[in-house]
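Analysis of the macromolecular model
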Amino acid sequence: MKKVINQILIITIIVSIITPVKEVRAEAKTLRDYKNEIAALEQKKATNQRLSAEAAAAIEAKRNAIDEANNMIEANEGAVEASKTKVIESEEQIKIKTEELTDVINIMQYTEMNQDEIYLDYVFTASSIPEMMQRQSVVEQIATYTQDELNALEKLIQENKELQAKLEEDNVILNNSISNYEQQAIELRNYIDSDRKSTR
């Protein structure tokens, strides 16, 4: 066994003599070099924190803009629905008034042919002057009522046209709000993606 150990020892010595020793080149760093590296790393860390804070603020601003656009969309959808309801109600009122006035107008057209005779006959067949004055008042009230109803119908038709115009305007505003919302969402996504790429 001693012989084996001696042989191994001799082989190890020969190998170490034959193999050249490599020179290790270690760069000596001074304390100043380490302090400069630490200062550079701290500055980089501060810059990254500042950029992260700015990015967080920008992201929050974009999210607020998206929330505002979303609220505007909801408000405009409500306005559109309210306008649609008003238009439908107005159209129903116009239909009812038209049906009511159709009969009155038909009667008036019939009486216009014989208007003088009918009104004169109605007014002057009264048995007394107070009754005659009362009948004349009734004829005037019928004429006034009919004219008022026609004016009310015309007003309803005009309001309906205005409501339809407002509905179209509300639809345009709604579509603009949706486009604004989509644009804000795209900008936020792009900003977040670019921020992630820049911090890597």
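For the structure itself, consult the block above.
Everything quoted here is computed from the prediction, not taken from an experiment.

**A short note on the overall build of the chain**
- When helices and strands are tallied, the chain shows four helices and zero strands.
- Listing each helix as α and each strand as β along the chain from the N terminus yields α-α-α-α.
- The buried share among the 200 residues of the chain stands at 16%.
- Looking at the chain alone, contacts between residues at least 24 apart form 81% of all its contacts between residues at least 6 apart.
- With the model as given, the accessible surface of the chain reaches about 16,200 Å², and the carbon-plus-sulfur share is 56%.

**Here we look at the nonpolar core**
- Ranked by size, the top nonpolar core spans five residues in total: I59, I66, A185, L188 and I192.
- Only α2 (31–113) and α4 (129–199) provide two or more residues apiece to this core.
- Looking at this core element by element, the count peaks at three residues for α4.

**Regarding a nonpolar patch on the surface**
- A cluster of nonpolar side chains, namely L9, I13 and I17, defines an oily patch on the protein surface of about 320 Å² accessible area.
- Checked against the element boundaries, L9 lands in helix α1 (residues 2–18).

Thresholds applied
- Residues numbered from 1 in each chain as written.
- Predicted model: local features only at pLDDT ≥ 70, side-chain atom pairs only at ≥ 80, totals over all residues.
- Heavy atoms only, no water.
- Helix = DSSP H or I, 4+ residues; strand = E, 2+ residues; numbered from the N terminus.
- Buried < 20%, exposed > 50% of the residue type's maximum accessible area, 1.4 Å probe, protein only.
- Contact = heavy atoms within 4.5 Å.
- Areas by Shrake-Rupley, 256 points an atom, 1.4 Å probe, with all protein chains shown as cover.
- Core = buried A, V, L, I, M, F, W, Y, C linked by side-chain atoms within 4.5 Å.
- Patch = residues over 30% accessible without salt bridge, like charges linked within 9 Å, V, L, I, M, F, W, Y side chains within 5 Å.
- Salt bridge = Lys/Arg side-chain N within 4 Å of Asp/Glu carboxyl O.

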